[in-house]
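For reference, the chains in residue letters:
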Amino acid sequence: MLAALSRLAVVALSLGACAPGPTERWDTTTREGVAVGGYDAVAYFADQAAVEGDPALTLEWEGVTWWFGSEDNRDAFEREPERYAPSYGGWCAWSMRWNQVIDSNPEQWRVDGQRLYLFNNADARDSWGRNPERFRRIADDNWAAIEQLP
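For clarity, every value in this text was computed on a predicted model and none was experimentally measured.

All right, on to the pairing of strand E1 (residues 54-61) then. Where E1 meets strand E2 (residues 64-68), 5 bridges bridge the pair, whose relative direction is antiparallel. The partner of Asp54 across the bridge, within E2, is Phe68. Linkage of E1 to E2, two consecutive antiparallel strands, is achieved through a turn of 2 residues, within which Glu62 is found at a positive phi near 55 degrees.

Below, the structure written as structure tokens:
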């Protein structure tokens, strides 16, 4: 019990100034208000590639605009957005493992266990790849705590 409380305190302290507000949960990009930096979230699964989306092929979800490379990808996302949206609100998965909220780079990614993970850089992506199941469990717990923050 004490360990859980200590961990929660570390999460709260480490997130103080950098935790996303409710309208920022998907805005992890340099293009304000466009999820995944304008990249097509479905393409990571369908094409196994980071594909820039077309601003003419958009969809609004979770208060944010999403761009897609094709109508088929946009339609697939519309049917199942939770399947294609990146884990941890699009923030860097490796940093989430450390109770931190850091921007991601849409060209640094992995699909593991049917989930999309974005990373800040190649080192973070490669570090995650050494033990993705373990790091996912830790990051999932940390994200659950972050989502509960006001």
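In this section: the pattern of salt bridges. A complete count under the given rule lists 6 salt bridges for this structure. Where Asp75 meets Arg74, a salt bridge forms, and the shortest distance between an N and an O atom there is 3.8 Å. A residue is classified by how much of its surface remains accessible, and Asp75, at 29% relative accessible area, is partly exposed. Residue Asp126 is joined to Arg125 by a salt bridge in which the shortest nitrogen-to-oxygen separation is 3.0 Å. Among the charged side chains, a network of salt bridges with common partners joins Arg115, Arg136 and Asp140.

What counts, and at which threshold
- Residues numbered from 1 in each chain as written.
- Predicted model: local features only at pLDDT ≥ 70, side-chain atom pairs only at ≥ 80, totals over all residues.
- Heavy atoms only, no water.
- Pairing = 2+ DSSP bridges.
- Helix = DSSP H or I, 4+ residues; strand = E, 2+ residues; numbered from the N terminus.
- Salt bridge = Lys/Arg side-chain N within 4 Å of Asp/Glu carboxyl O.
- Buried < 20%, exposed > 50% of the residue type's maximum accessible area, 1.4 Å probe, protein only.

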